[in-house]
Amino acid sequence: MKVYIAGPLFTPEQRVLLERIDEMCRGLGWDTYLPHRDAGLFDRSSGSSERFFRNDMLQLEESDLVLAVLDGCDVDSGTAWELGYFYRLQKGPIVGYVGDVRIADPERQINPMVYHSLKSLARDLDELKRILDEL
């Protein structure tokens with residue numbers, strides 16, 4: 001199984017969480033695509049971001065599952081796009097993760113277009129591990 005791990009990756013702390021989730025998936029014997037590790041971080045001074053866009057789109061098309069971090073006051077716009085694209089491909093499930101304590105009621109606080117694209121939603125890493133074990 002190939003897993004695309006989506007989520008905000010703009011701070012070191014955000015990347016650490018994505019990397020912990022990546023380790024969890026690899027521990028299950030799955031191949032993973034982690035954008036900041038596998039494609040690098042986009043630097044606006046380096047020019048066009050089209051390479052990142054095309055590569056991430058290709059990786060979504062080759063994946064069997066998307067695991068998305070949905071933390072924050074609003075879901076990261078790039079993550080939301082990735083979920084919508086993968087959902088439309090109808091290739092496999094989307095699993096969400098919300099560890100952000102500000103989100104008390106995900107069904108009401110997460111945009112309905114994102115929330116209803118999810119097969120399941122974990123509120124902590126232990127619950128995420130249980131969900132992944134069942135896939």
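Now for a look at the structure at hand.

Basis of the calculations
Residues numbered from 1 in each chain as written. Predicted model: local features only at pLDDT ≥ 70, side-chain atom pairs only at ≥ 80, totals over all residues. Heavy atoms only, no water. Helix = DSSP H or I, 4+ residues; strand = E, 2+ residues; numbered from the N terminus. Buried < 20%, exposed > 50% of the residue type's maximum accessible area, 1.4 Å probe, protein only. Arc of directions from axis to C-beta. Contact = heavy atoms within 4.5 Å. Polar contact = N/O pair within 3.5 Å; in protein donor to acceptor, adjacent residues only side chain to side chain. Axes fitted to C-alpha atoms, helices over the stretch in contact; angles between N-to-C directions. Left-handed = near helix turned anticlockwise from the far one by under 90°. Nonpolar A, V, L, I, M, F, W, Y, C, P; charged D, E, K, R; others polar. Pairing = 2+ DSSP bridges. Salt bridge = Lys/Arg side-chain N within 4 Å of Asp/Glu carboxyl O.

## Considerations on unusual backbone geometry
Now for step 1: Despite not being glycine, Gln90 shows a phi value in the positive range, around 55°.
Now for step 2: Within the secondary structure layout, Gln90 lies in the loop between α4 (77–89) and β4 (94–97).

## Some details on helix α7 (residues 125–134)
Now for step 1: Taken as a whole, α7 has its buried residues at Leu125, Leu128, Ile131 and Leu132. Down the axis of α7, the sector holding all buried residues measures 115°, keeping them to one side. Residues of α7 that are exposed and point over 90 degrees away from its buried face: Asp126 and Glu134.
Now for step 2: Close packing links the buried residues of α7 with α1 (12–27), β3 (65–69), β4 and β5 (120–122).
Now for step 3: Put simply, Asp124 is the residue that caps the front of α7, since its side-chain oxygen is 3.0 Å from the backbone nitrogen of Asp126.

## What to know about the packing of α1 against α7
Now for step 1: In contact at an axis separation of 11 Å, α1 and α7 are set at 35° when each is read in the N-to-C sense. The chirality of how α1 crosses α7 is right-handed. Residue-level contacts link Leu17, Arg20, Ile21, Met24 and Cys25 of α1 to Leu125, Leu128, Lys129 and Leu132 of α7.
Now for step 2: Across the contact of α1 with α7, the residue classes break down as 7 nonpolar, no polar and 2 charged.

## Describing the sheet that holds strand β2 (residues 31–33)
Through backbone hydrogen bonds, the strands of a sheet pair up, either in parallel or in antiparallel fashion.
Now for step 1: The parallel open sheet is built from 5 strands, whose spatial order is β2-β1-β3-β4-β5. The open sheet has two free edges, formed respectively by β2 and β5, since each of these has just one partner strand. Strand-to-strand twist across the sheet, computed as the mean angle between neighbouring axes with direction ignored, equals 25°.
Now for step 2: Examined bridge by bridge, strand β1 (residues 2–6) and β2 share 3 bridges and lie parallel to one another. The partner of Tyr4 across the bridge, within β2, is Tyr33.
Now for step 3: α4 contacts β1, β3 and β4 of the sheet and is inclined by roughly 160° relative to β3.

## So, the environment of Cys73
Now for step 1: Mapped onto the fold, Cys73 is located in the loop between β3 and α4.
Now for step 2: In this structure the C-alpha to C-alpha distance between Cys73 and Arg88, which are 15 residues apart in sequence, comes to 25 Å.

## Let's talk about the pattern of salt bridges
Now for step 1: Per the counting criterion, the structure on display carries 7 salt bridges.
Now for step 2: Close ionic contact of Asp22 with Arg37 constitutes a salt bridge, the shortest N to O distance being 2.9 Å. Residue Asp22 is located in helix α1, and its partner Arg37 is located in helix α2 (residues 35–38); the two are separated by 15 residues in the primary sequence.
Now for step 3: A residue is classified by how much of its surface remains accessible, and Asp22, at 5% relative accessible area, is buried.
Now for step 4: The partly exposed category is assigned to Arg37, whose relative accessible area is 34%.
Now for step 5: A salt bridge links Asp38 to Arg37, with the shortest nitrogen-to-oxygen separation between them at 2.8 Å.
Now for step 6: On the basis of relative accessibility, which here comes to 38%, the residue Asp38 falls in the partly exposed class.
Now for step 7: The network of salt bridges with common partners includes Asp22, Arg26, Arg37 and Asp38.

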